[in-house]
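Observations on the model geometry
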Amino acid sequence: MNDGLQSWLGAQIDTLKAQHLYKTPKILQTPAAGRVRMSGREVINLSSNNYLGLANHPQVRQAAHEALDRWGVGAGAVRWIGGTMEVHDELEARLAKFKHTEAVLVFTGGFTANSGCIPAVLTDQDVVISDELNHASIIDGVRLSPAKYKKSEGFVFGHKDMGHLEEILQKTQSFQKRMIITDGVFSMDGDIAPLPQIVELAEKYNAFVMVDDAHASGVLGKNGAGTTSHFDLYGRVDIQLGTLSKALGVVGGYIAGSALLKDWLIQRGRPYLFSTAHPPVVAAALIAALDVMENDPEPMNRLWANTRWWKQSLAEAGFDTMGSETPITPIYVGDEAAAQQMEKMLWDEGVYALAIVYPTVARGKARLRTMPSAAHSTEDLSEALAALQRVRDKLAVRA
Ligand SMILES: *Cc1c(COP(=O)(O)O)cnc(C)c1O
């Protein structure tokens, strides 16, 4: 062990603890569900991205079992060297059909789809124009590219501020290519990007658009096909990223777009080229998850019925859900310490909802982040609501 490294690590950890930024992962002891056992406690889980309850769906489990027996556990190589099995190919064909795009390329995660795609389509003659609340994986993907992107140089627009976006488009006409990139659904606020206006501005100024639909996949649009479907913008969004890890319940990410885009990413998408393919079980489970999404409207209906019930009940109880439009439902607290205390007290009441504080969100804008899903019953949600009210009363926090 190198002493210099060990003492540096220790000092970093101590600093995080002193700043109340130190994280201790909770351990799930049951399959993902509305009610789970976690780190020794039975809780109603309001912090899962398992929107449609597909992570432990019987049909998806069955497909995984069958794929295990047919294909074994590993793909044995990176995608292009021989790790692409028939199931991987079939999954991409199914996703392309689902998304109404010419082609889809799957990566092992949404995070790697961003870091594979963004740098591959940009050169040092280009600029990236970003919403200020874009996800960390978009930011990291952009940083891997040689294009201009920095906020300090004026290439980041205020959250959903279309006037600001247009200003930047006017000032950047000398670049060779311009990419506007945005979350489809913003992961901390649960609001939806103004994609129709973004697409119109892109068309007006000859820029192209990439949307990260990690939280819109399985949630918005026809059968959960995402924001492009939700706003009926087929053929007008150049690059769509979807995740297979959240609503689809397994793991993975994909890029949907033209056949040329896919062809180029196979040549130049570094995580595709240099990281091993998904286990075949993953691809088969995802095909089954797509089957459920396309043929059974019940999980998505339940997700949205629960979402409406949750938001309306919170509003009636006097909580501020910060204008969120999707299942991601922040509950405004404001003060960082109060939000963290509410998280602890809720945990003691048997409800798991994460406090989100600075620097993930702005200082003084601390919140609890709650996510109803198809895996919850109305009983689960009304119990969670009662716990929230008890905790608020105890704290006498004006939430
Ligand atoms: C979760 C998330 C990702 C990463 O997806 P994974 O499949 O979990 O790697 C990417 N973008 C956004 C906006 C996300 O919320």
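Summary of the structure given here.

About the thresholds
Residues numbered from 1 in each chain as written. Predicted model: local features only at pLDDT ≥ 70, side-chain atom pairs only at ≥ 80, totals over all residues. Heavy atoms only, no water. Helix = DSSP H or I, 4+ residues; strand = E, 2+ residues; numbered from the N terminus. Rg over C-alpha atoms; globule rule 2.2 N^0.38 Å. Buried < 20%, exposed > 50% of the residue type's maximum accessible area, 1.4 Å probe, protein only. Contact = heavy atoms within 4.5 Å. Areas by Shrake-Rupley, 256 points an atom, 1.4 Å probe, with all protein chains shown as cover. Lys, Arg positive; Asp, Glu negative; His and termini not counted. Charge placed at Lys NZ, Arg CZ, Asp CG, Glu CD. 1 Å grid on protein atoms, 1.4 Å probe; cavity = no way out; pocket = protein on both sides within 12 Å on 5 of 7 lines; lining within 4 Å. Points joined across faces, edges and corners; volume = space filled by probe spheres on them. Nonpolar A, V, L, I, M, F, W, Y, C, P; charged D, E, K, R; others polar. Near = heavy atom within 4 Å. Polar contact = N/O pair within 3.5 Å; in protein donor to acceptor, adjacent residues only side chain to side chain. Pairing = 2+ DSSP bridges. Axes fitted to C-alpha atoms, helices over the stretch in contact; angles between N-to-C directions. Salt bridge = Lys/Arg side-chain N within 4 Å of Asp/Glu carboxyl O. Expected span 1.5 Å × (residues − 1). Arc of directions from axis to C-beta.

Time to look at the overall build of the protein chain. Of the regular secondary structure elements, the protein chain holds 14 helices and 13 strands. In terms of overall size, the protein chain behaves like a compact globule, its C-alpha atoms giving a radius of gyration of 22 Å where 399 residues would be expected to give roughly 21 Å. In terms of its C-alpha atoms, the protein chain occupies a principal-axis envelope of roughly 60 × 55 × 55 Å. Put simply, the protein chain has 399 residues, and 53% of those count as buried. For the protein chain, the proportion of contacts with a sequence separation of at least 24, taken over those separated by at least 6, is 72%. If you sum the accessible surface of the protein chain, you get close to 18200 Å²; carbon and sulfur atoms cover 51% of it. Positive and negative side-chain charges of the protein chain, numbering 39 and 45 respectively, have mean locations separated by a distance of 3 Å.

Turning next to empty space enclosed by the protein. Following the criterion strictly, the structure yields two cavities of 30 Å³ or more and no others. For the largest cavity, the full set of lining residues is R79, H88, V106, F107, T108, T112, P271, Y272, S275, T276, A277 and H278. Within the residue set of the lining of the largest cavity, elements represented by two or more residues are β3 (103-107) and α10 (270-274). By residue class, the composition of the lining of the largest cavity is five nonpolar, six polar and one charged. Looking at the second largest cavity, its volume works out to about 40 Å³. A32, A33, G34, N45, S48, N50, S373, A375 and H376 are the residues that line the second largest cavity. Along the lines of polarity and charge, the residues of the lining of the second largest cavity split into three nonpolar, six polar and no charged.

If you check the shell around the ligand, you find 13 residues, and the closest are G110, D212, T243, S245 and K246. S245 is positioned such that a nitrogen or oxygen atom in its side chain is 2.5 Å from an oxygen atom of the ligand. At 3.4 Å from an oxygen atom of the ligand is found a main-chain nitrogen or oxygen belonging to G252. Considering only residue class, the shell around the ligand consists of two nonpolar, eight polar and three charged.

Time to look at the sheet that holds strand β1 (residues 35-38). What the three strands build is an open sheet, ordered β1-β2-β11; its pairing is mixed. Every interior strand has two partners, whereas the edge strands, β1 and β11 (351-352), have only one. Here β1 runs beside strand β2 (residues 41-45); their pairing, made up of four bridges, is antiparallel. Pairing of M38 across the sheet is with R41, part of β2.

This part covers the sheet that holds strand β13 (residues 366-370). In spatial order, the strands read β10-β13-β12; together these three strands make up an open sheet with antiparallel pairing. The sheet is open, and its two edges are formed by β10 (329-334) and β12 (354-356), each paired on a single side. Averaged over all neighbouring strand pairs, the angle between strand axes comes to 30°, with direction disregarded. One ladder, built from three bridges, connects β12 with β13; its direction is antiparallel. Bridging from a neighbouring strand, A355 pairs with L368 of β13.

Glancing now at the pattern of salt bridges. Applying the stated criterion to the full structure yields 18 salt bridges. Here R35 makes a salt bridge to D380, at a shortest N to O gap of 2.6 Å. With a gap of 345 residues between them, R35 in strand β1 and D380 in helix α14 (residues 378-395) connect regions that are remote in the sequence. Under the relative-accessibility criterion, R35 is labelled partly exposed at 39%. Judged by relative accessible area, which is 6%, D380 ranks as buried. Put simply, E92 and K262 hold a salt bridge, and the shortest N to O gap is 3.1 Å. Of this pair, E92 sits in helix α3 (residues 86-99) while K262 sits in helix α9 (residues 259-268), placing them 170 residues apart in sequence. One connected set of salt bridges, linked through shared partners, spans R35, D380 and E383.

This part covers α14. Side chains three or four residues apart in an α-helix point the same way, a direct result of the helix having 3.6 residues per turn. Its 18 residues place the ends of α14 26 Å apart at the C-alpha level, agreeing with the 26 Å of an ideal helix rising 1.5 Å per residue. Within the sequence span of α14, burial applies to D380, L381, A384, L385, A387, L388, V391 and R392. The buried residues of α14 occupy an angular sector of 165° when the element is viewed end-on, so they sit on one face. Along α14, exposed side chains directed more than 90 degrees from the buried face belong to E379, D393 and K394.

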